[in-house]
Every structure is written in structure tokens, then in C-alpha cells.
Amino acid sequence: MIHLDSDIYAQAGALIAPVYGKSHACFVASGMAAVELALEFLGVRPGQSVIVPDLVCHTVASAILRVGARPRFVVVGPPLLPDVQDIRDLIDMETAAVI
């Protein structure tokens with residue numbers, strides 16, 4: 001996780017959060033950082049798995065690996081959507097999230 005010393009980011013977050021009806025907001029440098037932060041906030045732990053489409057950007061899988069979890073890929077069919085039953089088949093006791 002990237003930590004910044006300047007409080008300008010905290011000030012910016014405090015200004016933007018109410019625009020979206022939220023009490024907090026933060027800025028990140030990339031989509032990978034955003035996914036990593038979201039997984040950390042969700043409490044995804046090392047050894048758990050996160051289900052993602054097999055057509056996902058590699059940075060999503062990288063973010064999953066950075067928090068110590070394991071990506072599990074579900075096949076995306078011709079309508080560019082995974083089959084719900086395929087997702088259900090992958091869910092087990094180690095599954096922490098589905099992206």
C-alpha cells in the first residue's frame with residue numbers, strides 16, 4: 001500500500017466525500033491501488049480467494065496477489081458475462097470476494 005506524508009490528500013478527500021454523500025474519501029494513483037485498497041477494506045486476508053472474470057485486466061489479479069489472496073478465474077462466455085452457475089461452482093469456504 002502506498003502511504004503519502006502530505007495531508008493535501010486528506011483535505012481533498014474531506015472536500016469530495018460530501019459530494020458523494022460519504023463521510024470519507026481517498027485518492028489513489030491507479031486502478032490497481034484502488035482494488036488493493038478495496039480488498040484491504042473488505043478484510044480479504046492471505047490465503048483467501050477472490051473470484052474474477054478470466055478477461056479481467058492483469059492489474060486486478062496483481063492487486064489480489066498483493067494482499068496475499070489468490071485469484072480464481074471464472075470463464076467469460078460470448079455475451080462477455082460469466083455464467084452465474086460457474087461463479088457458484090467456484091465459491092467455497094476460502095472465497096472472500098467476487099469481482
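Preceding block: the structure.
An account of the accompanying structure is given in this report. In every chain, residue numbers begin from 1 and rise along the written sequence. With pLDDT at 70 or above as the cut-off, local features in this predicted model cover only qualifying residues; side-chain atom pairs require 80 or more to be listed or tallied, and sums for whole chains, interfaces and linings still use all residues. Only hydrogens and water are set aside when side-chain values are computed; all heavy atoms of the structure are taken into account.

The next thing to look at is helix α3 (residues 58-66). Residues of α3 that are buried include every one of V60, A61, A63 and I64, and no others. Taken end-on, α3 shows its buried residues confined to a sector of 155°, consistent with a single buried face. Counted as exposed and oriented over 90 degrees from the buried face of α3: H58 and L65. Contacts are residue-level and defined by heavy atoms, with any inter-residue pair within 4.5 Å sufficient. By definition, any uninterrupted DSSP run of H or I lasting at least four residues is a helix, any uninterrupted run of E lasting at least two residues is a strand, and each is numbered from the N terminus. Close packing links the buried residues of α3 with α2 (31-42), β1 (49-53) and β2 (70-74). G68, located one to two residues past α3, shows a positive phi value of around 90°. Here's how the labels work: a residue is buried when its accessible area is under 20% of the maximum for its type, exposed when over 50%, partly exposed in between, all with a 1.4 Å probe on protein chains only. The arc in question is the one spanned by the directions pointing from the helix axis to the C-beta atoms.

The next thing to look at is the nonpolar core. Residues belong to a common nonpolar core when they are buried Ala, Val, Leu, Ile, Met, Phe, Trp, Tyr or Cys residues joined through side-chain atoms within 4.5 Å. Counting residues in each nonpolar core, the largest one holds 11 residues, listed as V35, L39, V44, V50, V52, V60, A63, I64, V67, A69 and A97. For this core, the secondary structure elements donating two or more residues are α2, β1 and α3. Looking at this core, the element that brings in the most residues is α3, giving three residues. Discounting residues that sit within four places of it in the chain, V35 has contacts with V60, A63 and I99.

What follows deals with the sheet that holds β1. Strands are labelled as partners when DSSP assigns at least two bridges between them. On the basis of which strands lie adjacent, the open sheet formed by three strands has the order β2-β1-β3 and parallel pairing. Of all strands in the sheet, those with a lone pairing partner are β2 and β3 (95-98), marking the two edges. Averaged over neighbouring strand pairs, the angle between their axes works out to 30° when direction is ignored. The convention used is that axes are lines fitted to C-alpha atoms, helices contributing only their stretch in contact, and that angles between N-to-C directions extend from 0 to 180 degrees. Contacting β1 and β2, α3 runs over the sheet at an angle of about 145° to β2.

Okay, the environment of L55 next. Assignment of secondary structure puts L55 in the loop between β1 and α3. Judged by relative accessible area, which is 58%, L55 ranks as exposed. A sequence separation of 19 residues divides L55 from E36, and the C-alpha atoms of the two residues are 18 Å apart. When residues no more than four places from it in sequence are discounted, the contact partners of L55 are V76 and L80.

Turning our attention to the pattern of salt bridges. Salt bridge, as used here: a side-chain nitrogen of Lys or Arg that lies within 4 Å of a carboxyl oxygen of Asp or Glu. Overall, the coordinates contain three salt bridges when judged by the stated rule. The salt bridge involving E36 is made with R66; its shortest N-O contact spans 2.8 Å. Of this pair, E36 sits in helix α2 while R66 sits in helix α3, placing them 30 residues apart in sequence. Judged by relative accessible area, which is 4%, E36 ranks as buried. Between D92 and R72 there is a salt bridge, and its shortest N-O distance comes to 3.1 Å. Linking D92 in the loop between α4 (84-90) and β3 with R72 in strand β2, this pair joins segments that are 20 residues apart in sequence. Using a relative accessible area of 34% as the deciding quantity, one classes D92 as partly exposed.

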